[in-house]
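# Residue-level structural notes
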Amino acid sequence: MAWYNWFGIFSLAICLAVCLYHVIRLIKLGMPVEYSGRSGSPVSGIVYSFTSAMNPSVKESASLNLPVYIAGIVYHLGTFIAGILFMTVIAGLSPSGYHLLFFAFFLFISALSGTGILIKRLTDKKLLYISLPDDYISNVLVTFFQASGGVFLLLPGSEPVFMISAGLMMLYLPVGKLRHAIYFFAARFHLGFFYGWRNVWPLHKQKVDERSK
Amino acid sequence: MKEANEKIRKGLEVLGSGEDSKLLSHLNACVRCGLCAKSCIYYLSMKDEKLIPASKVDIVASVYRRYFTFTGRQLPGLVKARDLDDKTVTEMVDLLFGSCTVCGRCVKHCSIGVDIEYVVRKGREMLSVMGYVPSTLQSTVRSALNTGNNMAISHGDFVDTLEWMEEELQDEVDDPEARIPMDEKGKKVMYTLNPREPKFFPISISAMAKVFYAAGESWTLSTRMYDVTNYAYFSCHPDEAAVISRRMYDEVNTLEAGMLVLAECGHGVRSNRWESPNYIKKQFGFEVLSSVELMAKYIREGRIRTDRGALKEKVTLHDPCNLVRGGGIFKDQRYILKQCAEDFVEMTPYGTDNFCCGGGGGQLAMSEYNERRMRIAEIKAEQIRKSGAKVVAAPCHNCIDQLSQINFTYKLNVKVKTLAEIVADSLII
């Protein structure tokens, strides 16, 4: 195995170990103790939180910013695809076949989405105000990871570049904002529990209209 | 110096208490996408980027990063980790107390699911334990702690007002036996009031008394602890909030009431129904219900009858943030209005998407931010204007105050009413 593959494995191991630490810490801290009388279903709230609550029709952050929302979805899908590609290489498998062209194309599109998001962050006054160096570094690392994955699918000789970019991204993941890969799930879980307990989620608009007639 | 360090220690203790995983999750989840901006009445009104909800989260998270994360300790510049110094505290006070009604609208629309309101409240808690609550808000809390109600109404004045309202009630229902019971033990319902009612709107006391009269309810008011509000819920001081919560809990038990019914007050309902048990770390052994839920129940069960055409003018409904987004009470106020009004229209948006009136989060008590409060209210004024309604119903005395000021400032020429007033006016007795 080449040194860059070892670098990739090493980075993955570090990344997983630190992420595991974060996950264990969250589990050990546990849920808040709730003394109020329950009015709704926390389970339904949590399910809603991860499903319908993400729907652009009920979420202004998506519906009012549809191009950015779509770019964000594509960008995240690109990360998953590049991640699978990375795991394939680590497993010693050689990606092949015509469908690779599709994945390469998708990775270029997703990297383009990432670049667009970066440009927006650099040019939008309000985003500039709230951005930290961490935001730019995270974006560049992930975008480069995706782009190098796309190039690797077309030019297998570029494997070192892809593996190094993957390794750098994984080493950075637990220390910067990329760790939202873990905390996103924890936050949505807590939010679903909170709103579910109080019967705010799931929303019951249809039922209301029927009953009020 | 020692005192300053002690304050910082107390503030940081809020972030580092490690009680559970909720705060940790929300502090680490924000990706600063900025998409929450358009959900915030402050940003929408003033277009100032520092008012974006993400910015409010970040000022708390930046302190967390500085003291509790490896990156923040070793490379603070990378993640803009901030010391909890005077500059940070000043900015925190302005952002978390002066530029947020803690309405929670941004939470529902956050792309990640960060409970921004919860983080802001934790930030307020930090400031509170450090002694940096705006003095106007703190004096309201102190009034409640020292006198038992936030407006420092004396016991004598309160009893006089109730007696006066009892006479009004007797005239209204033409029954000399109609009563506003005080401190009576063993009643099914212990009802509460917002001190604004005896102070400024006593008619709403007789309105609810009329509803109880029509329903034949077994009820009482406490003259010792009747204040439904808990302004320490806004200042976010957990010990002070617990003192106020504990008093209400004790009073229900002293009067041996079966149920605590909360007056029309958004934060009063939320704090007593949802937060108080957590403040005093005790499950309540009695039912806690808002008067909105109770009135809807009376109508559904046929205990009171209303004239559906009693209110002929077009009426719209303002959804108090703490009642709807923070408390899950969404259907009952609509049901009530449809039983009393001929022409009910929703605002756009409404329900969990409704905009705060601008008076929430303790803003009405913090006069130093009055100008901002009335500026952000323009959104609510436009919502009302576009609805075409002549009457605005709001099941919250805090909102009623703000809506009345909006009515005057933006020349809306509408009537602002509580649900109890609307129900009382349409009762068929």
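All of these numbers come straight from a predicted model, not from anything done at the bench.

Each value, and the rule that gives it
Residues numbered from 1 in each chain as written. Chains lettered and ligands numbered in written order. Predicted model: local features only at pLDDT ≥ 70, side-chain atom pairs only at ≥ 80, totals over all residues. Heavy atoms only, no water. Helix = DSSP H or I, 4+ residues; strand = E, 2+ residues; numbered from the N terminus. Rg over C-alpha atoms; globule rule 2.2 N^0.38 Å. Buried < 20%, exposed > 50% of the residue type's maximum accessible area, 1.4 Å probe, protein only. Contact = heavy atoms within 4.5 Å. Areas by Shrake-Rupley, 256 points an atom, 1.4 Å probe, with all protein chains shown as cover. Lys, Arg positive; Asp, Glu negative; His and termini not counted. Charge placed at Lys NZ, Arg CZ, Asp CG, Glu CD. Patch = residues over 30% accessible without salt bridge, like charges linked within 9 Å, V, L, I, M, F, W, Y side chains within 5 Å. Salt bridge = Lys/Arg side-chain N within 4 Å of Asp/Glu carboxyl O. Domains from an automatic or database assignment. Buried area = accessible area lost by both parts, 1.4 Å probe. Pairing = 2+ DSSP bridges.

Looking only at helices and strands, one finds 22 helices and 8 strands in chain B. Relative to a compact globule of 429 residues, whose C-alpha radius of gyration would be 22 Å, chain B shows 22 Å and is just as compact. Along the longest, intermediate and shortest principal axes, the C-alpha atoms of chain B span 75 × 45 × 35 Å. Burial analysis of chain B (429 residues in total) assigns 66% to the buried set. Once local pairs closer than 6 in sequence are excluded, the contacts in chain B between residues at least 24 apart make up 79%. When the accessible area of chain B is evaluated, it comes to approximately 15100 Å², of which 48% is carbon and sulfur surface. Placing the 57 positive and 57 negative side-chain charges of chain B at their respective mean positions leaves the two points 7 Å apart.

Attention now moves to a negative patch on the surface. The grouping of Asp157, Asp160, Glu163, Glu167, Glu168, Asp171 and Asp174 of chain B at the surface amounts to a negative patch. Position of Glu167 of chain B relative to the elements: it lies in helix α10 (residues 155-173).

Residue and element names in this part refer to chain B. Here the domain parsing of chain B yields domain 1 (2-132), domain 2 (139-300) and domain 3 (315-426). Taking only C-alpha atoms, the centre of domain 1 and the centre of domain 3 are 29 Å apart. Domain 1 puts 20 residues into the contact, and the matching count from domain 3 is 18 residues. Taken together, both faces of the contact between domain 1 and domain 3 bury some 1700 Å²; the carbon and sulfur share is 57%.

On to unusual backbone geometry. Residue Trp201 of chain A is joined to Pro202 of chain A through a cis peptide bond whose omega torsion reads -10 degrees. Within the secondary structure, Pro202 of chain A sits in the loop between α9 (180-197) and α10 (205-212). In this chain, Thr348 of chain B is followed by Pro349 of chain B through a cis amide linkage whose omega measures -10 degrees. With respect to the helices and strands, Pro349 of chain B occurs in the loop between β6 (344-345) and α19 (370-376). One non-glycine residue, Asn199 of chain A, adopts positive backbone phi at about 65 degrees. You can see Asn199 of chain A is positioned in the loop between α9 and α10. Phi is positive for Asn413 of chain B, close to 55 degrees, though the residue is something other than glycine. Along the polypeptide, Asn413 of chain B turns up in the loop between α21 (397-409) and β8 (415-417).

All names here are of chain B. Because side chains alternate across strand β3 (residues 259-262), one face comprises the buried residues Met259 and Val261, and the other comprises Leu260 and Leu262, equally buried. In this sheet, strand β4 (residues 287-290) lies alongside β3 in parallel orientation, the contact comprising 4 bridges. Each residue of the ladder has a partner; that of Val261, found in β4, is Leu289.

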